[in-house]
Structures are given as C-alpha cells and as structure tokens.
Amino acid sequence: MKRIRKIEDNLLVLLLASAIISLLVAVIVPLVVKVGMAYVISAIAFLDAVIFGILFGAIRRRFQLILDAMRALEEKNLDNARFARKKGLQGRIIEKLVLIDHKNDEAAELIAKIGEGKEIGEFQHLQQRDNVRMALVEMRDKINSYNDQESTRKWIAEGVARFSEILRQHHEQESEMGFEVISNLVRYVDCNQGGFFIINEEEENGSYLELLASYAYDGRKFQEKKVYAGQGLLGQSMLEKQTVYMTRIPDNYVNITSGLGEATPRNLIIVPLLFNEEFCGAIELASFNILKDYQVEFLEKVAENIAAYVVSVKTNANTQNLLQQSQLLTEELRSREEEMKQNLEELTAAQEEMERKQTELDGIFSAINATMGMAEFDMNGKILAVNESLLHIYGRTQKEVVGQYQDVLLDGQTQYDEICNNLKEDKSNSMDLRIHTKSGDEVWINTSFTAIKDKENRVGKVLMLAQDITTRKQVEKDFEQLSLVADNTDNSVLVTDGRGHIEFANAGFSRLTGYELNEVIGKKPGSFLQGPDTDPETAKRISSRLREAEPIYEEILNYKKDGASYWVSLMINPIFDEEHKVEKFISIQADITETKIKSLDYAYQLEAISRSNAVIEFNKDGIVEAVNENFLNILGYKKEEIIGQHHAIFVDEKTKLSKAYEEHWKKLKNGEHLEGEFKRINKNGQEIWLKGIYNPVFDIQNKLSKIIKFAVDITREKELQIAAQEQGFLLKNQLDTINKTLASIEFDMDGVVRDANEIFLSVTGYEKKELVGKPYTQLIPQSELDKPQTQIMWHNLREGQFFTGEFKKVDKSGKELWLLGTYNPILDQHGKLQMIVMFAQFITKEKEKQLDLRGTVNALKQSLPVMELNSDGTFKNANELFFSYFGYKRLELRNAKFDLFLNGDAGGHKIKAVFKKLEGEECVQENLKLVGKKGSYGRFKTTFYPIKNLENKLCKIVVILVEEKEH
C-alpha cells in the first residue's frame, strides 16, 4: 500500500512539473521571440498544461481506486459492486487482488488445519509453484514428521517406564515377573507370540538358555525348553550377543494357533539381554506384521533394563548367599569361642594328664623298638630296613641284611609268597619260626607280618615284627620233662585234648579241688571249677587265649567240690603236633589263696584308680610290664603289642633322641616323681596328649623296682587349645594384612565413627582423635547426603544388610574422594547389630581418569563418525554421525563386512593387512576411500583401534573416521 502511494506521489509531481514548465514557456517565449510565433508557442504550451491537468486527474482517480481496492482487501470487503464493474487494467489489477485475497484465505485456513493436525485436502487457489503452497506443504510434512517422532519417542518412553514398573512390582517372584514381562511385551509391540529366556549356568556341561515364560494369543503357555550355545537362532544369539531379526522364518520354526486355524508367523526377532557385554538371556517374539525400526529400538532398550534387572537379581542372590555364609561363619566362630571358653578349665586341668600319656607312648614305642625285631620287605621279598634288635637276634650287620632278599631271614620264597597272599586277603600272619643265626645257632622267634598299604589301598610293603621266644620254647620243652614228675608235686596238673576236655589230672588236683579223676574225665575245667564270683573277664580272656593257642598266665578264683572258693595261679601251655596244630593243653595250678587275699586289698585300691585313669607299669629300664584297658584304648594297642617293649615306642624319633627324653628317664631312675602334659604317638602314628604322673615304686630294700604312670587323655582339649591359638594367630594375620592393604573404618549402630586404620586416615587427612566420635555424615559430600539412597543404605545397614560398590567421600579439606569397597554389618551371636565396618580401596585417580575418558569418548562420538567391528571384521555398532553420513540404518549393516564400504576399491588388500597388524599393534592408520549407501564417496584418514579382553585376545575393533577435504 505504501509503495502504491509513493508511485502516485511521484507521478503527480511529474505531471505538475510538466504543467508548470508549459506555463513558463507560455509566459517567457513572447518576450524573446516574434509576436506571431510567440502566440502559437504559448497556445501550444497552455494546451499542454490543460492536457496534463486532465491526465493528472484521470491518473489520480485510477490510483485512488487501486488504493481503495487494496484497503478493501485488508478489510475483507473486496467483493463490493464498485470494484466488480471495472474492466481493463483496473479490472485485471482488481482480479489479481481478489486472487491474492482468496489465496490468503486458503493459506490461513490451511495453516489452521495444520495446527489442528487435520488433513489439508485439495488446493483451490494456491498453484503448484506458489511459494506459499510449497512452504505450507513443507511445514505440514515437518510437523507430521515431528509429530510422528514425538509419538514414537513418547511410545518408547512410556513403554520403558511401563516395563520398569513391571520389573519393580514383580522383583520377588522370577516366574511371575517373566510372564508379566513377556505378556505385556507381546501386547505392547502388537506381536502374536513371545518367549522369555534366561541364562542358567548350573549344569556341568555348560550354560544354557531356559524358557522362563511364554505367551501367545492372550494366553499363558506352560512350556519347558532348553537351548544350548550355538543351537538354533537362540543359541547363535548367545554366541553373537546381537539382535536377530528375520522376515522369512523357516518352515515349522514356530506356529500360532487361533480360533481360525493354524498359521506360521512371517517375522521373528530375538533380542539378547546384555549387561556390560554379559549375556543374561533373550526375548523371542513372533509376529505376522513387520516390526518398524522404532519398535526394534524399543525392544533393545527394554532388553537393557531387563538384563540389568536379571544381573541385579543374580547379584543380590549371590550377595545374600555370601551374607548368610558370613553370618553362619560368624556364628560358628562365636560358638567355637564359647566352646573354647568352656573347655579352658578342662584344658588346664588335663594338660598334666596329656604329658604323662605322651611320655608313656614314647616309652612304649622305644620299648617295642628295643625289645622286638623289626624288618621291612617289598613285595618281591627284598629287605628294605631292619632294626638293631632283629640284627642282634640273627647276629648279623646292616650291610649283611639290607638289600638282600627274604631267604636271609626266612626259610624261602615260597613261605614269603604265602605270607604276601594272606596279607592281600587280610588274613592273619602270626607264627613261630625256627631260624639259624649267622653262627649257626638255632633260635625260635614269634613273628607277625603286617601289610603297609599306599593311598590307593594296595599292599606296597610288608612289616615283620619278631620276638625271640627261644627261652619260651626251651621252657615248653622243659615242661614236657617236668610233666613226668607232675604227680609228685603239690600243684594241680591237668592235661586236656585240643578242645579242652580233661584227659589227665594228678593227685595234686584231687587234693586241691576234692574231685577225683573219674569225676572230671571228659569235662572242661571251667564247667565245674568256676562259680558265681569267678571273674567273667578272666574266664573270657582264658577262653580267647585257648582259641588262639597262646600260652596263658592268669590268676583266677575257682571252687572246690564242697563249694569253698580258692585262688590259683594258672599257667596253660598249648602242645602242637608236627603240623603246628594244637594237640593238647597242659595246665599247672598253684594255690595262692592267702597271697591273693593280701594282694586283693591293694589291687582293689589300684583298680579304683585304674577305672578312671590310664595306667601303665615299667621296670626301672623303661620296659612295659603291665598296662590297663584305658591306656590301650587311648593308644590303640593290644596288650601283647606293648608288653616287653620300651617306653620309647610312644614317642617320635626326635623326642627319643633328645636330651630332654634322656633326662626324663634319668630322673625316674633316681626315684623322682614327674608330672605334666606329655605328647605321645599312638599305634597309628597320630599325636595324642596325656596329662599324668610318673610314680617310682620301691621294694622292701628301698630299691627302685618299677615305675607306674597314671594319666588321662587330653588330646581333644589340647587340639582345641592349639586350634584356638592357630585360629587367633590366623585371624590376627588376616586383619593385619587387611589393614596394610585396605582402608578400613568402623561405625557404631548410629553411624558414629569408632575407629579407622592408618590408610584411611592418611588419605583423608584426619588424625584419629579428630574422626572418632564424629557422625558418618562428616565424611559424605552434601550432594550425596541429599540423595534418599544414602539414608536408605544406612537404614538397611542397621537392618543387617550388606552393601558393596563405589562410594563418594570427602577428606578433611572438603575434596571429593572415591572408594571401592563394602559396608559390613557385624552381628553378635543373637543376630544383634554390634557395629558396621567398611573395607575399601581409594580409587579417586582411577575415577577421574574414567570420567575424563568417558568425556573424551563422548566428545569424539559427537564430532566424528565412529564404528565398531567384531573381531572377524563384521559390523557391530556405530554412532549417529556414521549412520547419517553413510545413509545406512542399523539393521541394514547387521553382520556386514567392512568391504561393503570399499565397494571394490583397491583398499581391500589394505584391510586384510590392517587386521593382521592389529594382532600385535595398538592401532593402525590408513587413508581409505569409502562409499555410502547412495554411492557417494569420501576420503578418510581411518584409524583402527583394537580392543582386547583380559586374556589379551581381540574382542572388537573401534574405527574412527576423519574426512580429508579435497583441495
């Protein structure tokens, strides 16, 4: 409008100037030219002025009409009849103005529809190339695109929030959570069927995917399914850890059955559940519809949340197990401590008994070694070792025996083979052997052979124990001769057959018992001589010895024919035939009634002591003469195994050779009493502890006749004492090690500092006196205190829950520190919280480097195209700049080779060389010409960075592209 007015003003000025010039010509010309000519010229000039005046009026009216039309256009009143009659140039101008008015109305209407989100329909006045039309179409497309994107983002955000809430609500029941997740996911993504698989690592054959829940057509499906790594699409997803999306499913892969029949879905997607590159499970969905990119993106985001939940559940379960184990261990330690406290008094009282028992064991072992011969053979009969006692019997030296074969000690290989076979079958191998010494003398030995087995319970060696019984054999021979005069003795003499039936009784038997031979012939002596007060154990012992064909020396209470009781000293010897089978028994009985009455008084006193103590008797040289059952039970020996042996068999070799052991027996031989705790070795070679006293016994001439030891077993108490000492030492060392390597701080139940070690104090800058008694809030920055997580954590700590992770603290100067560690509630035996201990490492520098590196990586991804390759050179991932530059979508590049971006370029051979170099170098740079999806090329300075795992194996490759501009 203003421009029209300006044009109008300019035309008026021009016309007015022309009229003024014409008038000036009409006035001035007559003054300078001839009169006739002047009138003509003046008339022409005046006529021009009149014409210009008329023309000025006409033009001014037309411009005024145009101005009125434009004003009417502004007021939406251009349809006035005044303007409708105009033709010519004015009419065309008004038509154009009317068209402009219609276009403005149409544009306003279209803008309103676009603002309301309605369809704009067909255009009536705006032409194809109108700028307004093109701008409106572009604005509509952009608004629709924005609305679609916003709707997609909203759909994804609402879905992620929805499934986060489902995970939160069903975190306690795994199976119910699985069904809720998969059923809602199938419905939300508009699929038809789905399965939720989680990793199971409990099988020995390896981990596998286990179907947690499945859903199809609005119904829950109860199925069981296992998928191992590499098995089918799911198993391949376990290995590749990537989303699998297929729009052509193999036949019979999955069927969906509805009320209308059975059909096969066309599309399948498997989304792995990954958390920090760790495979936790997979989501499998089948659909008749093709999934859009944003739906795939949504599934991958939800999969990340589900993976985090699965890992969190596993971590919480592991943490709970560790906490329960810690509590059980703490309870056990308290229980043991209580037991140790209760046993301390018993331990103290039992120490002296243990020492006495050990000394006795040492004496027994030494006595066996000193009094019995010992030799070791291998299974081929080769002599491996022999002791001095056996060498003394044979009259030989070590060189003459060790390394030789059994025929040096035994009669021959046949006899040794029989012994070995018996040992393999666990048969007894005890016998009397007649051997010849080096000098040719005949000697009788009683031998027993024992198998020494290896850890696989196979016989590896044979141990022979031998005792010289030549004297006993001589006694037996002499006894045969003495039996000839048996009838002339006052002692009772009986001869029985091999089964114990009486064949002969002398006159002394009749005088002692009142029975005649004809009354007892064919009977067993015990059947009529033993009575109600006869000791059953003695009778049992005699019967046992008779069955084993061993000589018997016993005292027993018998009964006469008239019922009177009497005591006899009984000696029974077996008589063997040529085949070493028992042929007869000869029994000699002496009346010791008066002597027994006197000794019983002392015996009852000793028996009372023996019932509660282990008792063993030695002669003055330390040879075992008597032992009670308590002692035998404690050391695991039989009585016959230690009688006649030296005390040294009860001690180890080191003790036996020690000065202290020599001094021990020196004192006893001098008549000194010794008491204390003694470490001894039992028959199986195990250490035991005895607490006891050695009592020298003197004869009527006040000379040492024997030594009696009374002892009690305190092995268990001693082991507990030693274990307690070792455990205390171990715990102290563990705590010292922790204090030397980790920062630690203790809080009471209210979070007030109780103590802190030097590492914590040195890093935070506090002195202990400045920190003790202060609340935990003094060590936490205000930004962390304002978070509800801090209060929740301390509330749960007071409830006894364990926490681990990274924690932010502040030092004395207020500087922020980072720690990686654990908060550990310490409970008493009743489960009541006593204190809270934190063990941690300061990782401030590592955290700063981590944050700096994260910022650098983010900045790099925001400024340069970056892609990631698998170790085999296939595409794995990329940033948005990469996708934008090369024109690809993520799913289009799934498992694509890097050669795709070379498009036949000569750089293909370079790539092979690059992957070869990456095996040993930190990075490789190459100048490459790369092509996008639409064929556009670009030259890049390409840097390949290898990423390796903890085993230094290549796991992926990061590729950074820097475009080189052409000059």
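Residues numbered from 1 in each chain as written. Predicted model: local features only at pLDDT ≥ 70, side-chain atom pairs only at ≥ 80, totals over all residues. Heavy atoms only, no water.

With that settled, consider the nonpolar core. In a soluble, globular protein the nonpolar side chains are often hidden away together inside. Counting 36 residues, the largest nonpolar core has Leu 185, Phe 196, Leu 285, Phe 298, Leu 299 and Ile 306 as its most contacted members. Top contributing element to this core by residue count: helix H8 (residues 293–371), with 10 residues. With residues up to four places along the chain from it excluded, the contact list for Ile 306 reads Leu 167, Val 181, Phe 196, Leu 273 and Ile 283. Of all hydrophobic cores here, the second largest spans 26 residues; its members include Val 753, Tyr 766, Leu 797 and Leu 827. (Core = buried A, V, L, I, M, F, W, Y, C linked by side-chain atoms within 4.5 Å. Buried < 20%, exposed > 50% of the residue type's maximum accessible area, 1.4 Å probe, protein only. Helix = DSSP H or I, 4+ residues; strand = E, 2+ residues; numbered from the N terminus. Contact = heavy atoms within 4.5 Å.)

With the rule as written, the count across this model stands at 27 aromatic pairs. With a centroid separation of 6.0 Å and an interplanar angle of 75°, the aromatic rings of Tyr 637 and Phe 650 are classed as edge-to-face. Placement of Tyr 637 in the loop between helix H18 (629–635) and helix H19 (639–642) and of Phe 650 in the loop between H19 and helix H20 (653–656) is noted, with a sequence separation of 13 residues between them. With a relative accessible area of 12%, Tyr 637 lands in the buried category. Judged by its relative accessible area of 0%, Phe 650 falls in the buried class. Among the aromatic residues, ring-to-ring pairing joins Phe 875, Phe 882, Phe 883, Tyr 885, Phe 886, Tyr 888, Phe 898, Phe 901, Phe 940 and Phe 944 into one connected group. Lys 718 extends its terminal NZ or CZ atom over the ring of Trp 689, reaching a point 4.5 Å from the ring centre. Directly above the aromatic system of Tyr 937 lies the positively charged group of Lys 929, at a separation of 4.5 Å from the ring centroid. (Phe/Tyr/Trp six-rings, centres within 6.5 Å; stacked < 30°, edge-to-face > 60°. Lys NZ or Arg CZ within 6 Å of the ring centre and 35° of its normal.)

Looking now at the environment of Glu 964. Within the fold, Glu 964 resides in the segment after strand S34 (954–963). Its relative accessible area of 34% is what places Glu 964 among the partly exposed residues. Along the backbone, Glu 964 and Lys 941 are 23 residues apart, and their C-alpha atoms lie at a distance of 6.7 Å.

Let's shift gears to the layout of surface pockets. Each pocket or cavity is described by its volume, and for the second largest pocket that value is around 1700 Å³. Together, 40 residues line the second largest pocket, and Glu 300, Glu 304, Lys 876, Asn 877 and Arg 890 are the ones closest to its centre. Taken together, the elements giving at least two residues each to the lining of the second largest pocket come down to helix H7 (232–240), strand S8 (267–275), H8, helix H27 (844–863), strand S30 (866–870), strand S31 (875–878), helix H28 (880–886) and S34. Looking at the lining of the second largest pocket, the element that brings in the most residues is H8, giving 8 residues. Its residues placed into classes, the lining of the second largest pocket shows 13 nonpolar, 10 polar and 17 charged. (1 Å grid on protein atoms, 1.4 Å probe; cavity = no way out; pocket = protein on both sides within 12 Å on 5 of 7 lines; lining within 4 Å. Points joined across faces, edges and corners; volume = space filled by probe spheres on them. Nonpolar A, V, L, I, M, F, W, Y, C, P; charged D, E, K, R; others polar.)

The next point concerns the pairing of strand S20 (residues 614–619). Regular strands place side chains that alternate from one sheet face to the opposite one. Burial analysis of S20 places 6 of its 6 residues in the buried class, which makes it a mostly covered element. Neither face of S20 is exposed, since Ala 614, Ile 616 and Phe 618 on one face and Val 615, Glu 617 and Asn 619 on the opposite face are all buried. Taken together, the 6 bridges between S20 and strand S24 (residues 704–713) define a ladder with antiparallel strand orientation. Pairing of Val 615 across the sheet is with Phe 710, part of S24. Here 3 bridges tie S20 to strand S21 (residues 624–627), and the two strands are oriented antiparallel to one another. Opposite Phe 618, over in S21, you have Val 624 as the bridge partner. The hairpin formed by S20 and S21 contains 4 residues between the paired strands, and Gly 622 there has a positive phi angle of roughly 90°. (Pairing = 2+ DSSP bridges.)

Pairing within the open sheet is antiparallel, and its 5 strands lie in the order S11-S10-S14-S13-S12. Two strands close off the open sheet at either side, each with one partner strand: strand S11 (383–386) and strand S12 (430–436). Strand-to-strand twist of the sheet, defined as the mean angle between neighbouring strand axes without regard to direction, takes the value 30°. Across 3 bridges, strand S10 (residues 373–378) lies against S11 in antiparallel orientation. Residue pairing in the sheet places Phe 377 in a bridge with Ile 383 of S11. (Axes fitted to C-alpha atoms, helices over the stretch in contact; angles between N-to-C directions.)

Strand order in the open sheet formed by 5 strands is S16-S15-S19-S18-S17, and the pairing between neighbours is antiparallel. Sheet topology places strand S16 (502–505) and strand S17 (552–559) at the edges, where each strand pairs with a single neighbour. Each neighbouring strand pair of the sheet contributes to a mean axis angle of 25°, computed without reference to strand direction. Examined bridge by bridge, strand S18 (residues 565–576) and strand S19 (residues 582–591) share 9 bridges and lie antiparallel to one another. In the strand pairing of S19, Val 568 is matched with Asp 591. Packing against the sheet, helix H16 (residues 536–547) makes contact with S17, S18 and S19, and its axis sits at approximately 135° to S17.

Next up on the list: helix H26 (residues 788–798). Working note: α-helix, 3.6 residues per turn, so residues spaced by three or four point in the same direction. Within H26, the full set of buried residues consists of Thr 790, Met 793, Trp 794, Asn 796 and Leu 797. Here the buried residues of H26 occupy an arc of 160° about the axis, which is enough to place them on one side. At its buried positions, H26 is contacted by strand S25 (743–747), helix H25 (782–785), strand S27 (803–810), strand S28 (816–827) and strand S29 (833–842). Once H26 ends, the next one or two residues include Gly 800, with phi positive near 95°. (Arc of directions from axis to C-beta.)

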